[in-house]
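Structural overview for review
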Amino acid sequence: MKRSKITTIIAYIVAILIALYFVGPIIGIFIMSIKPVAIVALPIFIFTPTAVNYASLFYYEISKGGVVSTKFAPSMLNSIIISTVTTLSVVGLSALTSYAFSRFRFRGRFEAGVYIFICYSVPSIAFLYPIFYFVNSTGLYDTYLGAVFVQTALGLPWTLWMLKSFFDGIPKELEESGMIDGCSRFGAFTRIVIPLSAPGLAVVSIFTFLFVWNLFLPMLVITGVSTKPLVVFLSEYRTQYDVQWGPLAAGSIVSIIPTCIMALLIQKYIVAGLTLGAVKG
Amino acid sequence: MEARKISQEPRKYSSSFKRKIKGKLSIAPYIVPSFVFLFILFASLVSCFNYSINLSDLTIPGSENVFVGMKNYIIVMTSSIFQNSFMISIFYSLISPPLSIFLGFAIALLITKYCRRGLPIFRTIFVIPPMIAPIVVSYMWLLVFMSTETGYLNYFLKNFLGLPTIDFFARPWWARIILLFVWQWSGIPFQFLVFTAAILSIPQTLYESAEIDGASSVNTFRHITLPLLKPLIITLLLLGIISGLLGGFDAVFVITKGGPYRYTDLLGFRAYIHGFMYNHMGEATALCVLMTVIVVVYVIGALREHMRAQW
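Residues numbered from 1 in each chain as written. Chains lettered and ligands numbered in written order. Predicted model: local features only at pLDDT ≥ 70, side-chain atom pairs only at ≥ 80, totals over all residues.

**Considerations on the overall build of chain B**
Summing up its helical and strand segments, chain B has 14 helices and zero strands in all. Each helix (α) and strand (β) of chain B, taken in turn from the N terminus, gives the series α-α-α-α-α-α-α-α-α-α-α-α-α-α. The buried share among the 311 residues of chain B stands at 39%. When contacts within chain B are restricted to residue pairs at least 6 apart in sequence, long-range pairs at least 24 apart make up 67% of them. (Helix = DSSP H or I, 4+ residues; strand = E, 2+ residues; numbered from the N terminus. Buried ≥ 20, exposed ≤ 12 C-beta atoms within 10 Å, placed from the backbone. Contact = placed C-beta atoms within 7 Å.)

If you want it as structure tokens, here you go:
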């Protein structure tokens, strides 16, 4: 079947226009972040680029020469700490459990799976009030421990589901031969299954990191001044009266850089991860 | 699990009950740690229910928890505010996921069929939007639709087309459509990625034999591509509807704040502001319990087969 060149060209033009729709806002916000302050919110596209918005992320000037640093750098650090620790705990815990679900047959296995799936599907808003009371009553409000605890609970179901299918793909015989040679069950798990599923673990880790990095609603409620993550910090640039576009645009760009890098790293595996369902809201 | 035992001394034959317990104990260390966390979700549902039947009003200082029974549930079921939120959420969950599935599928077809050489580039582009934080995505679109003359779209309308500007966030339907735009922006690329992978996994030989038989491209689509992708489409729809029904908080929080006059007041947003801004904790927790029940019923009813296949 031969297609005329014109069809192909039209198809490419349409596809490129569609792609522009998806890239446009990112480029728009990037352009905005390098604009001078005076025209930052105006759609003027001829200007000399500055880094002033990026600077204003970190500090702002008061009166003459006085400089006050903003909460941006601490909140970035918070995001990194919380996301990393949560990712480690989520992946560690779920590797163990999904291995059990993948290899052992026991009563209530499917029911447990249904429970995990329900936990995955229930929106985080439904857990909001109990989590809020829980965090407040145990003194975990505005602590890293509380944030990590809550996010681990929210991130686990998806990871369990994903890792189980990765483990299902690893042949049982490998562990069995290892165990015949005198390895314990746990030894077979750590020495045979974990190394073999390293790519899967990497993908799941990156997904969990992104999930935690982007998670907004529970963090809005359970973190305060000292553990506020980046997304919550960014959301505060929109006040009741105006939007501080300059630092907001710069902050958005800074926050999506790690996202983009990680998304591109796991590009090949992203589809397997996405088919489970839309990113939890 | 029993293979390890072979190398050890001959097993003492204990009672079957003892063996069962032993087997359970060897599984426990793998499962218990995560289920401690997962149990929180169950415990929170229970405590949510507890709050919703015991706690009436936090706005009166020093008031004790009073047992109010099903009062909060009756309010949630009958009040027009909540009915409005239910209707809006249902509206979005029936419009938004099918639309993004349809458009994602269409774009995937277009690009896999006509732009095969450019596929890696398009894939790279489409990977990014679903991964960006919804908060940031919402800000990006806020920039485009800003009501005042600083919004890009309004500026374009006024200065290039000479049209009057539109106050997008003051018009009910415009506000709704903007939210749809925001969700589609991250929804379509997601569906695109899923569908390109699915389309590429269809064996090429099927198309070749269809071509030999002289099938037109419409028929090839109708009789090969569509039937093979049908299960995937159904799964995506089922998953999309439930996440569309209860999700979508971030965009509403940043862009419309539920306005104008509750026209974009989604269930998730209502559950948040009703408790945290208006202090009606009882009604908010009742709503949360109802939402959880909806999810549980839906998952068990509609997604059972999907899970059976994977678990």
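Moving on from the coordinates now.
**A look at the overall build of chain A**
If you tally the helices and strands in chain A, you get 13 helices and two strands. Taking 2.2 N^0.38 as the reference for a compact globule, 281 residues should give roughly 19 Å; the C-alpha atoms of chain A span a radius of gyration of 23 Å, well beyond that estimate. Counting contacts in chain A only where the partners sit at least 6 residues apart, residues at least 24 apart contribute 72% of the total. (Rg over C-alpha atoms; globule rule 2.2 N^0.38 Å.)

**Looking at the domain arrangement of chain B**
Residues and elements named next belong to chain B. Domain boundaries assigned for chain B yield domain 1 (3-54) and domain 2 (71-310). Measuring from the centre of the C-alpha atoms in domain 1 to the corresponding centre in domain 2 gives 38 Å. With five residues of domain 1 in contact, the opposing surface of domain 2 contributes eight residues. Here the side of domain 1 that touches domain 2 is composed, by residue class, of four nonpolar, one polar and no charged. (Domains from an automatic or database assignment. Nonpolar A, V, L, I, M, F, W, Y, C, P; charged D, E, K, R; others polar.)

**Here we look at the environment of A:Ala51**
All names here are of chain A. For alanine 51, the location among the structural elements is in the loop between helix H1 (5-33) and helix H2 (52-58). Using a count of 10 C-beta atoms within 10 Å as the deciding quantity, one classes alanine 51 as exposed. Once the C-alpha coordinates of alanine 51 and valine 122 are considered, the two residues, 71 residues apart in sequence, prove to be 42 Å apart.

**Considering the domain arrangement of chain A**
One can read the domain layout of chain A as domain 1 (5-69) and domain 2 (72-244 + 259-274). Placing the centre of domain 1 of chain A and that of domain 2 of chain A at their C-alpha centroids yields a distance of 32 Å.

**Some words on helix H11 (residues 249-256) of chain B**
When you tally the buried positions in H11(B), you get eight out of eight residues, the bulk of the element. Every buried residue of H11(B) is listed here: B:Phe249, B:Asp250, B:Ala251, B:Val252, B:Phe253, B:Val254, B:Ile255 and B:Thr256. Check the buried side of H11(B) and you find it contacts helix H10 (217-222) and helix H11 (230-235) of chain A together with helix H6 (134-145), helix H8 (172-200) and helix H12 (267-276) of chain B. Of the residues one or two after H11(B), B:Lys257 is the one with positive phi, at around 55°.

**With respect to the confidence of the model for chain A**
For chain A, mean pLDDT is 82; residues scoring 70 or higher make up 94% of the total. Below a pLDDT of 50 lies the segment residues 276-281 of chain A, which in the model reaches 21 contacts outside its immediate sequence neighbourhood of four places, other chains included. (pLDDT = per-residue confidence, 0-100.)

**Examining unusual backbone geometry**
Positive phi is not limited to glycine here, since A:Asp142 has a value of about 60°. Within the element layout of this structure, A:Asp142 appears in the loop between helix H5 (128-137) and helix H6 (144-168). Judged by the 16 C-beta atoms lying within 10 Å of it, A:Asp142 falls in the partly exposed class. Even without glycine at this site, B:Arg262 takes up a positive phi of about 60°.

**Digging into the environment of B:Ile202**
Residue and element names in this part refer to chain B. Tracing the sequence through the fold places isoleucine 202 in the loop between H8 and helix H9 (204-212). The exposure class assigned to isoleucine 202 is partly exposed, which follows from the 14 C-beta atoms found within 10 Å. Note: C-alpha distance between isoleucine 202 and isoleucine 224 (22 residues apart in sequence) is 8.9 Å. Leave out the neighbours within four places in its chain, and isoleucine 202 touches Thr225 and Leu228.

**Quick word on the interface of chain A and chain B**
On the side of chain B, 81 residues touch chain A, which itself brings 82 residues to the contact. Broken down by element, the residue count for the side of chain A that touches chain B peaks at 14 residues, all from H1(A).

**Observations concerning the confidence of the model for chain B**
Residues and elements named next belong to chain B. Here chain B averages 81 in pLDDT, and 88% of its residues register 70 or above. At the low end of the mean pLDDT range in chain B sits helix H1 (residues 3-6), at 48; at the high end sits helix H4 (residues 80-114), at 89. For this predicted complex, the interface score ipTM comes out at 0.82, while the overall pTM is 0.84.

**Describing the packing of helix H10 (residues 217-246) of chain B against helix H13 (residues 281-302) of chain B**
Residues and elements named next belong to chain B. Where H10 meets H13, the axes come as close as 11 Å, and the angle between the chain directions of the two elements is 175°. When the interaxial angle is binned, H10 and H13 end up roughly antiparallel. Mapping the contact onto sequence places Leu238, Ile242 and Leu246 in H10 and Met291, Val295, Tyr298 and Ala302 in H13. Here the residues of the contact of H10 with H13 sort into seven nonpolar, no polar and no charged. (Axes fitted to C-alpha atoms, helices over the stretch in contact; angles between N-to-C directions. Parallel < 35°, antiparallel > 145°, perpendicular 65-115°, else oblique.)

**Quick word on the packing of H8(B) against H11(B)**
Residue and element names in this part refer to chain B. Contact pair H8 / H11: the axes reach a minimum separation of 10 Å and the direction vectors enclose 130°. Classified by the angle their axes make, H8 and H11 are oblique. Regarding H8 and H11, the two cross each other, and that crossing is right-handed. Mapping the contact onto sequence places Ala175, Ile178, Leu179, Val182 and Trp183 in H8 and Ala251, Val252, Ile255 and Thr256 in H11. Grouping the amino acids of the contact of H8 with H11 by side-chain chemistry returns eight nonpolar, one polar and no charged. (Left-handed = near helix turned anticlockwise from the far one by under 90°.)

**A word on the environment of A:Ala19**
Looking at the secondary structure, you find A:Ala19 in helix H1. Dropping the residues within four chain positions of it, A:Ala19 is found in contact with B:Phe122 and B:Ile125.

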